[in-house]
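# Summary of the model geometry
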Amino acid sequence: MLYIMGQPAFMKLYVINLDRSSDRLRRIERLFAQQDLRLTRIQAIDAKDISDADYKKFTERKRWPDPITRGEVACFLSHRLALQQIAQESEAYSAIFEDDVILSSHARFFLKNWLWIPSGVHLIKIETDGKKVWLGPPVAHLDVFTLARLKSTHIMAAAYIVSKKTAAYLAEKMEYVYAPVDHFLFNIDFDIAMALQVHQLDPAIVVQANLTSTLQHDRAQHQYDKKKKRSLLQKLQREMLRIIIRSYTGLWGIKKNMTSNEQWKRIPFDQLIKE
């Protein structure tokens, strides 16, 4: 085994998986095995097991404008379990995955060990949702990949690398479910993303597969209810505001790309392996 400064240099990989989703576990274990990568399972908390009292307790300090569903509470607490486990292990860096991802064929080069991670980088988003984000100057060039500070919101939390120290810090901050876990970690409107200086791997080596999310039904129902309550005038005002913001952001992004070494861009997903 390779050691650096007395610590194992390999990276431990965790997958969050519900007991009732054994098919997903078999699928993702097979995908990782194709690249000689081994997963350690974290037994996910099931929304069905969260009592009314626990739900009320965990959400009493939320900072999220919308209702937080039981599924989102369960997802948040499952990530906390994974982070608590990482904080107790000896590895300097580990990675957390949800069980509905697919991998780039180059994933093994980044998930075997952490020797490629520059000093001072503690939380790395390795997936993409395909939306434009703001990246700072690259802090590392890794062949065709770069690693850069993520300076804007980039939600979804299906795949990220975290240091042992940062895992302990995050777990302590997750006593209450302030927001859905992806926003808690990767939305710059929350203190966590700004304090930790999240980094982004570009291109991304992970993307979520088109599997039915356990959170999808409740989220879809909530969005439907919100839209139904809006008046025609509210809908028109919302659309006009969206157009104005997109236009301004687009012009700002063009200027940023032309006049600095920072980027406003969509994070592409690197090539796939066959399932």
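These lines cover the structure that appears in this document, whether it is placed above or below. Quick caveat, the model's predicted, so the values are computed rather than measured. (Residues numbered from 1 in each chain as written. Predicted model: local features only at pLDDT ≥ 70, side-chain atom pairs only at ≥ 80, totals over all residues. Heavy atoms only, no water.)

### Focus: the overall build of the protein
Heads up, the condition is: Every helix listed is a DSSP run of H or I at least four residues long, and every strand listed is a run of E at least two residues long, numbered separately from the N terminus. Partly exposed describes any residue whose relative accessible area lies between the buried limit of under 20% and the exposed limit of over 50%, with all areas from a 1.4 Å probe on protein chains only and scaled to the type maximum. We call two residues in contact when some of their heavy atoms are within 4.5 Å. The Shrake-Rupley method, run with a 1.4 Å probe sphere, supplies the accessible areas, and residue values consider only the shown protein chains as cover.
Per the secondary structure count, the protein includes 9 helices and 13 strands. Expressed as a percentage of its 275 residues, the buried residues of the protein come to 48%. Look at the contacts in the protein between residues 6 or more apart in sequence, and 80% of them connect residues 24 or more apart. When the accessible surface of the protein is totalled, it reaches about 14800 Å², and 53% of it is carbon and sulfur.

### Examining the environment of leucine 123
Summarising the element assignment, leucine 123 is placed in strand 7 (residues 123-125). Exposure remark for leucine 123: the relative accessible area of 0% places this residue in the buried category. For the pair leucine 123 and alanine 95, spaced 28 residues apart in sequence, the C-alpha separation works out to 9.6 Å. If we ignore the near neighbours within four places in the chain, the residues touching leucine 123 are Tyr160, Ile161, Val162, Phe186, Leu196, Val198 and His199.

### So, the pairing of strand 11 (residues 199-202)
Where we set the bar: Here, a strand pair is defined by DSSP locating no fewer than two bridges between the strands.
Burial along strand 11 is two-sided: His199 and Leu201 facing one way and Gln200 and Asp202 facing the other are all buried. Relative to strand 11, strand 7 runs parallel, the two sharing 2 bridges. Residue pairing for strand 11: isoleucine 124 is matched across the bridge by histidine 199. Of the strand pairs in this sheet, strand 9 (residues 145-150) and strand 11 are connected by 4 bridges, and their pairing is antiparallel. The residue bridging threonine 146 from the neighbouring strand is aspartate 202, located in strand 11.

### A closer look at the pairing of strand 3 (residues 12-17)
Burial of strand 3 is extensive: 5 of the 6 residues sit out of reach of the surface. Relative to strand 5 (residues 93-98), strand 3 runs parallel, the two being bridged by 5 bridges. Paired with tyrosine 14 across the bridge in strand 5 is isoleucine 96. As judged from the 5 bridges shared by strand 3 and strand 4 (residues 39-43), these two strands associate in the parallel manner. For leucine 13, the partnering residue across the bridge sits in strand 4 and is leucine 39.

### Re the packing of helix 3 (residues 70-88) against helix 5 (residues 164-173)
For clarity, the cut-off: Every axis corresponds to a line fitted to the C-alpha atoms, with the helix fit spanning only the stretch in contact, and the corresponding angles, defined between N-to-C directions, vary from 0 to 180 degrees. Any angle between 65 and 115 degrees counts as roughly perpendicular, while under 35 counts as roughly parallel, over 145 as roughly antiparallel, and the rest as oblique. For any helix crossing, the convention is left-handed if the near helix is rotated counterclockwise from the far helix by under a right angle, and right-handed if that rotation is clockwise. In the scheme used here, Gly and all other residues not listed as nonpolar or charged are polar, with Ala, Val, Leu, Ile, Met, Phe, Trp, Tyr, Cys and Pro taken as nonpolar and Asp, Glu, Lys and Arg as charged.
Their axes nearest at 8 Å, the elements helix 3 and helix 5 cross at an angle of 135°. The angle between helix 3 and helix 5 falls in the class oblique. Considering the relative orientation of helix 3 and helix 5, their crossing is left-handed. The residues of helix 5 that touch helix 3, namely those facing Arg80, Leu83, Gln84, Ile86, Ala87 and Gln88, are Lys164, Ala167, Ala168, Leu170 and Ala171. Residues that form the contact of helix 3 with helix 5 fall into these classes: 7 nonpolar, 2 polar and 2 charged.

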